[in-house]
Amino acid sequence: MKKLFILLAFTFSLFITNAQQNKTAAWENIYRGSATKINDLVHTKLDVHFDYDKSWLYGKAWITLHPHFYSTDSLTLDAKGMDIKEVSIIKGTDKKPLRYTYDSLQLRITLDKLYTADEKYTIYISYTSKPNEQKTHGSAAITDTKGLYFINPKGEIKDKPTEIWTQGETECNSVWMPTIDKPDQKSTEEIYMTVPSKYVTLSNGLLISQTPNSDGTRTDYWKLDLPHAPYLFFMGVGDYAIVKDKYKDKEVSYYVEKQYESVARKIFGNTPEMIGFYEKILGVPYQWPKYSQIVGRDFVSGAMENTTATLHQESAYQNARELTDGNSWEEVIAHELFHHWFGDLVTTESWSNITVNESFADYSEYLWDEYKYGKDVADEHNRDAMDGYLKNADAPKKDLVRFYYGDKEDVFDVVSYNKGGCILHMLRNYVGDSAFYKSLNLYLTTNKFKTGEADQLRLAFEEVTGEDMNWFWNQWYYGSGHPILTISYSYDARNTAYVYIKQKQQSAQPFTLPIAIDLYVGKDKIRKKVWIKNWADTFVFHLNALPDLINVDADKILLCQKTDNKTAANYIFQYKNAPNYLDRLEALNYFDSTSMPQLALGLTDKYAGLRTLTINKLAAQKSPPNETVIEDIEKMAGTEKDKKAKAAAILFLVQTGKPTYLNIYTKNVTDSSYTVAGAALQGLTALKPDKAYDLAKQYSADAKGALGDAVTAILIKNAKEEDIDIVADHYNALPPGQDKYDMTKTFCDYLSKIKDTEKIKKSIDYVISFSQAIPAQYRVFTDKKIKAALDKIGDAKGQEIKDYITTNFKFNTP
């Protein structure tokens, strides 16, 4: 599961009051271990067809099981909100009815006899699934838990496709199929799906056959002979183009809406290379018979690693212009693929141990970036992930392996993802690449097609390295928080350097931190490996001369907060000589905070991300830089190859307000990159507002990203009735997140100036739909502001609009 909605949650978590965070709940005393196994799934066969008018599924299930160890004469299956028509046991070619009770959540079946562990039996169930009648709740990562979703099933929404897709994690597939819906169960699978013949289907494993029916439907038969967890079962149905690719002799395919068929390979086309890369570093071949990816409308999370059939939300769709700025979805693609080793092949035995799924998938993004685009790109990604964790006020209170939580959905958070990925990065640095990957290989091969937990991972590392690793696991996996360090330095006349490191976090014990310290004397670098173990440590180094720089945590791998008391001269030397992205970033941040002219060094950094950051920092300073720096940025606006850095340079020039840059804006407003074109349009807005308005109207049919934002801002500023459809459609198309939240007030102010009542109502619906997409635990804060923005429309437009808002906007609290 990729955590796109978690990103939204990071922002809104800043609103949570200390009183809310510190509230004690009953769940804090409830231990969440692995589910007890009484019966084990062996095989699941399903025969389903869909009622599009009712959004129902009519299903038949044949479920083969055996007792786990102890003999049993009963079976409990998860089956949420179903109508149960028949429950029988298969005896040869006959069915024998069984007694059962059903409470709308679990089906308790009395078997026909006492079965021993070596006896298999098959249960037959006929049922109807009614997912829209489920009372569900979601989380920051997974916003709904209906399991089965009918998207525009009657075709009533213009320009929106009719689709069906499922979402099983955590325990939601039992809404549409009876099963033991726990991650420590595994089953092989067959699914017969009957659908209108105009649609294609996707499920786990291979498509074995397609049979036309006389009523205009078709039955597709999918089969997976390898066992996987129930939450990974998947069905997808829709009017898709299937773009075929391959890896070695295995099918790789991309299911996309037909307007995206031409760019499907540009979005997903690195997948075969990713499979090869992950196979190489892990030493474990991709085990599954194929790999498909499908994009679903209105998906309730970012993406989901259903075995051989990953589902992505529609944000994966990008046109050719968007892709000129880079594939914004590539790390998600890598994340879900890596789950086919960590999550699908070896599955967490309980949600408490979700780190063995999600932390690895999170870190796989770093590994792919490092391999494909270089260490600077990967290190920037790791830093962003670390910042996401550090900025979350509640995160340091949570263990990575979490046996106490309110709801299983709660573990899909910044700790399991971001912090877990950073911990793996530290572990890799400590043991070295060879031991790291050999340990992962051992963990995977020992536990393949079974389950895993954090201690099994520890045992694999201990077997490979020959070292007791409890010290690492205890503080990082079974502990909470992170080190908060203060670093200072002193020197004496004998060229002896002293490094003082204090740990300031509130924890029972100090962290144990093995790190490298690099000492630079001129062009010479000396590396010392040390262990931080105490609340206060002093490290003494005898040198031939006073060092130009002492670089603590020289590999820049620590998950920590730190105050590093280096001098300006140290940071200048560090920027010019230390090799890592974070070395240069730290120096640039220091130059920025102290208003040093050396900040301009970043304009020529080898990495475009730091060039962009430097321009943005220069633009944000109170005093403008000198003319030489401005000239350098002007040159970048003309010659910079990276589109985002080029756009940043143009926006800097816009901020100066100088008409001399008009030609730059005019030239770049037609750039293939939305980011560059959007920046240039902002420049024209300042100098030629009438021309900018005309261009905004002209470009509105093909305006996404920064260009879409610029077009919308211009149209809102002009506040013309004729532009309402363009503005409203742009707002509605924005993905849920901070940008959309920030735009909501401006959008509502614009609506208060519009006369068309029906279009105002339609636009209000867009705002309300966005508010409902925000996870419930954050709506207690966001609803008030969104409602206040809507009320201003009502105040301006009168009672009819006031009543419409009151009727349709519903407050929601967690």
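Shown above is the structure to which this text applies.
Described in the following lines is the structure provided in the data block. (Residues numbered from 1 in each chain as written. Predicted model: local features only at pLDDT ≥ 70, side-chain atom pairs only at ≥ 80, totals over all residues. Heavy atoms only, no water.)

1. Concerning the overall build of the protein chain
- On a plain count of helices and strands, the protein chain comes out with 26 helices and 29 strands.
- In summary, the protein chain has a C-alpha radius of gyration of 29 Å against a globular reference of 28 Å for 814 residues, a match within 12%.
- By its C-alpha atoms, the protein chain is 90 × 75 × 55 Å across when sized along the principal axes.
- Split into buried and exposed, the 814 residues of the protein chain put 56% on the buried side.
- Looking at the protein chain alone, contacts between residues at least 24 apart form 68% of all its contacts between residues at least 6 apart.
- When the accessible surface of the protein chain is summed, it comes to about 33700 Å², and 50% of that surface belongs to carbon and sulfur atoms.
- Each charge sign in the protein chain was given a centre, from 99 positive and 108 negative side chains, and these centres are 2 Å apart. (Helix = DSSP H or I, 4+ residues; strand = E, 2+ residues; numbered from the N terminus. Rg over C-alpha atoms; globule rule 2.2 N^0.38 Å. Buried < 20%, exposed > 50% of the residue type's maximum accessible area, 1.4 Å probe, protein only. Contact = heavy atoms within 4.5 Å. Areas by Shrake-Rupley, 256 points an atom, 1.4 Å probe, with all protein chains shown as cover. Lys, Arg positive; Asp, Glu negative; His and termini not counted. Charge placed at Lys NZ, Arg CZ, Asp CG, Glu CD.)

2. A word on the sheet that holds strand S4 (residues 82–91)
- With mixed pairing, the eight strands of this open sheet are ordered in space as S5-S4-S8-S2-S1-S11-S14-S13. In this open sheet, the two edge strands, each paired with only one partner strand, are strand S5 (94–97) and strand S13 (206–212). Averaged over all neighbouring strand pairs, the angle between strand axes comes to 20 degrees, with direction disregarded.
- Sheet analysis places strand S1 (residues 39–51) next to strand S2 (residues 56–67), joined by twelve bridges and oriented antiparallel. Paired with Asn39 across the two strands is Pro67, which belongs to S2. (Pairing = 2+ DSSP bridges. Axes fitted to C-alpha atoms, helices over the stretch in contact; angles between N-to-C directions.)

3. What about the pairing of strand S10 (residues 163–166)?
- On S10, burial covers both faces: Glu163 and Trp165 on one face and Ile164 and Thr166 on the other are all buried.
- Note that strand S9 (residues 148–151) and S10 share four bridges and pair antiparallel. Across the sheet, the residue bridging to Leu148 is Thr166, located in S10.
- Pairing analysis gives three bridges linking S10 to strand S15 (residues 235–238), with the strands arranged antiparallel. Residue pairing across strands places Ile164 opposite Val237, the latter belonging to S15.

4. Remarks on the packing of aromatic side chains
- In the structure shown here, the tally under the stated rule is 49 aromatic pairs.
- Summarising the aromatic geometry, the rings of Phe69 and Tyr70 are spaced 5.0 Å apart at their centres and angled 90 degrees between planes, so their arrangement reads as edge-to-face.
- Ring centres of Phe342 and Tyr443 lie 6.0 Å apart, and the angle between their planes is 5 degrees; this geometry places the pair in the stacked category. Of this pair, Phe342 sits in the loop between helix H6 (330–338) and strand S21 (346–348) while Tyr443 is found in helix H10 (residues 433–447), placing the two residues 101 residues apart along the sequence.
- A cation sits over an aromatic face here: Lys113 above Tyr115, 5.0 Å from the ring centre.
- In this structure, Lys533 is placed above the aromatic ring of Trp531, and the distance from its NZ or CZ to the ring centre is 5.2 Å. (Phe/Tyr/Trp six-rings, centres within 6.5 Å; stacked < 30°, edge-to-face > 60°. Lys NZ or Arg CZ within 6 Å of the ring centre and 35° of its normal.)

5. Examining the environment of Leu282
- Position of Leu282 among the secondary structure elements: in helix H4 (residues 271–282).
- Remark: the alpha-carbon pair of Leu282 and Gly420, spanning 138 residues in sequence, is separated by 19 Å.
- For Leu282, the residues in contact, after removing those within four places along its chain, are Phe338, Trp341, Phe342, Tyr437, Leu440, Asn441 and Leu444.

6. What about the nonpolar core?
- Membership of the largest hydrophobic core comes to 157 residues, with the highest contact counts inside it found for Phe50, Ile123, Tyr127, Tyr278, Trp341 and Tyr477.
- For this core, the element with the most residues is helix H9 (residues 415–431), which contributes eight residues.
- Listed in part, the 80 residues of the second largest apolar core include Ala692, Tyr699, Ile716 and Tyr804. (Core = buried A, V, L, I, M, F, W, Y, C linked by side-chain atoms within 4.5 Å.)

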